[in-house]
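Residue-level structural notes
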Amino acid sequence: MNKFDKEIIKLAKKSKCPVSIEYYERIDSLLKNLKDKPVGVTKGQTPFSLFRACAAVCSLAAIIMISMPVCAKLGSYVKERMLQMSNEELESYMEASDQNNMTAAHNVEALTYSRELSEEELIRYNDLFEKYENEGLFPEHDLPVVEKIQDSTTTEYPLYETSSYKCYLPERTLTDEELLQMIDFVHKLDYATSQTAEAQEILNNQKEYEANPHPDENDLSEETAIAAASSYLEKILNKDCSSMEKSIEFWFGNGTSGEGYGEYLITFKAGDAESYLVSISRETGILTCVTFILNGKNYAAYQGTSAPADEQLFYSHYETAKAILTGLLDPDISIVESICEYRTDDSGYVENGYIYYIFTLSNGYIYSIGYNMEDDIYPRLYLIDTNGSYGALPDNIILPMEP
């Protein structure tokens, strides 16, 4: 992650209309901030808060991309500017953020930049960002948008390339007007994204949960939820979990199960050095997430140590990951596609020592099982999607696996 991205994260935290950056880098930053925090559990407490934060940032749900709601909480200056956009303008920004307009090689979920800002540019960017939101200081012109930049083209001014979801910056000091154009663009892009049917559905589901953050009469009882979670965990661990101490909470969840937001989170505690967290959907008990807490390591946040890439090793561990998942499936559900995905650091090592096996099932569900190379365990399982839709993260290495 470069310095520009870190500053954008800082701005996103304090702004009412977050600036978009590569969401996987946001996830990485958040996890790095979390991984050194204590994970000990004292009497009367659970690891719920840390897990909730980690699960939220680990989820590949669209909420990472949307970062909303916007309109209801925007400052008066910015809100008025957003509402002044014509239908044609709004549609153009929706099109600019539509992944169907991007090439397969650049299929990312959030805005990226061709270079980091200089120290001097960052200072002015911060100042202009505040003035944009709090004083209504807007650019005179819009940021130029093109479908595709020719490889031989020299970038003379900031512009946005639709095919790559990327903002290209010239190799010179940006003017205040150009920085304001960038700030204005991401506000309008995020606002337009929030107006799409998909985003509105997500936001409506979130509002429903926020209005009543409790199970309703159609949801599983706590007893049934605990029993379902116990069954899942026993199959994953291949051992009896009946003697473990169990606690249950109803939490926001990841919204990936098709049942909206609100899930049961069940904590299993076998001792001070061994706990497991299982999240299931509210109505049907679909497994949405499992993570381990072992010997002081909360694997929802623990990244591990980078290790050499060894494709033969990755292939050899596939069958174990596959067996973990198939042990949870109904007999009529099968794996139709599977890959191994990982990312390398500047040294060519597997970043944080984690690889992920991604499984697409015959019912459209997609699960991810994370393998930690350092500890030789599979401590992360997530439901990514229920509609058979998955795009690998940019720059990740993909190895096809046999079903």
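Residues numbered from 1 in each chain as written. Predicted model: local features only at pLDDT ≥ 70, side-chain atom pairs only at ≥ 80, totals over all residues. Heavy atoms only, no water.

1. Here's the deal with the overall build of the protein
Each helix and strand counted, the protein has 11 helices and 16 strands in total. Counting the 403 residues in the protein, one finds 51% classified as buried. At a minimum sequence separation of 6, the contacts of the protein that also span at least 24 residues come to 65%. If you sum the accessible surface of the protein, you get close to 18,800 Å²; carbon and sulfur atoms cover 46% of it. (Helix = DSSP H or I, 4+ residues; strand = E, 2+ residues; numbered from the N terminus. Buried < 20%, exposed > 50% of the residue type's maximum accessible area, 1.4 Å probe, protein only. Contact = heavy atoms within 4.5 Å. Areas by Shrake-Rupley, 256 points an atom, 1.4 Å probe, with all protein chains shown as cover.)

2. Side note on the packing of helix H5 (residues 76-83) against helix H7 (residues 119-134)
Axis separation between H5 and H7 bottoms out at 6 Å; the angle between their running directions is 75°. Classified by the angle their axes make, H5 and H7 are roughly perpendicular. Taken together, the residues of H7 that come into contact with H5 (itself represented by Tyr77, Val78, Arg81 and Met82) are Tyr132, Glu133 and Asn134. Among the residues forming the contact of H5 with H7, the class breakdown is 4 nonpolar, 1 polar and 2 charged. (Axes fitted to C-alpha atoms, helices over the stretch in contact; angles between N-to-C directions. Parallel < 35°, antiparallel > 145°, perpendicular 65-115°, else oblique. Nonpolar A, V, L, I, M, F, W, Y, C, P; charged D, E, K, R; others polar.)

3. Structural notes on the confidence of the model for the protein
Per-chain confidence: the protein averages 78 in pLDDT, with 76% of residues scoring 70 or above. For the stretch residues 1-72, pLDDT sits under 50, and the model shows 157 contacts to residues farther than four places along the chain or on other chains. In this model, residues 101-109 is a region of pLDDT below 50 whose contacts with residues beyond four sequence positions or in other chains number 22 contacts. (pLDDT = per-residue confidence, 0-100.)

4. So, the packing of aromatic side chains
Following the criterion strictly, the structure yields 14 aromatic pairs and no others. Between Tyr209 and Phe252, the aromatic rings sit 5.4 Å apart at their centres with planes inclined by 80°, giving edge-to-face as the arrangement. In this pair, Tyr209 sits in helix H9 (residues 197-211) while Phe252 sits in the loop between strand E5 (245-251) and strand E6 (263-271), placing the two residues 43 residues apart along the sequence. Taking the centre distance of 6.1 Å and the plane angle of 55° together, the rings of Tyr318 and Tyr357 count as tilted. With Tyr318 in helix H11 (residues 311-326) and Tyr357 in strand E13 (residues 354-361), this residue pair connects regions lying 39 residues apart in the sequence. You'll find Tyr318 and Tyr357 in the same group, each marked buried. (Phe/Tyr/Trp six-rings, centres within 6.5 Å; stacked < 30°, edge-to-face > 60°.)

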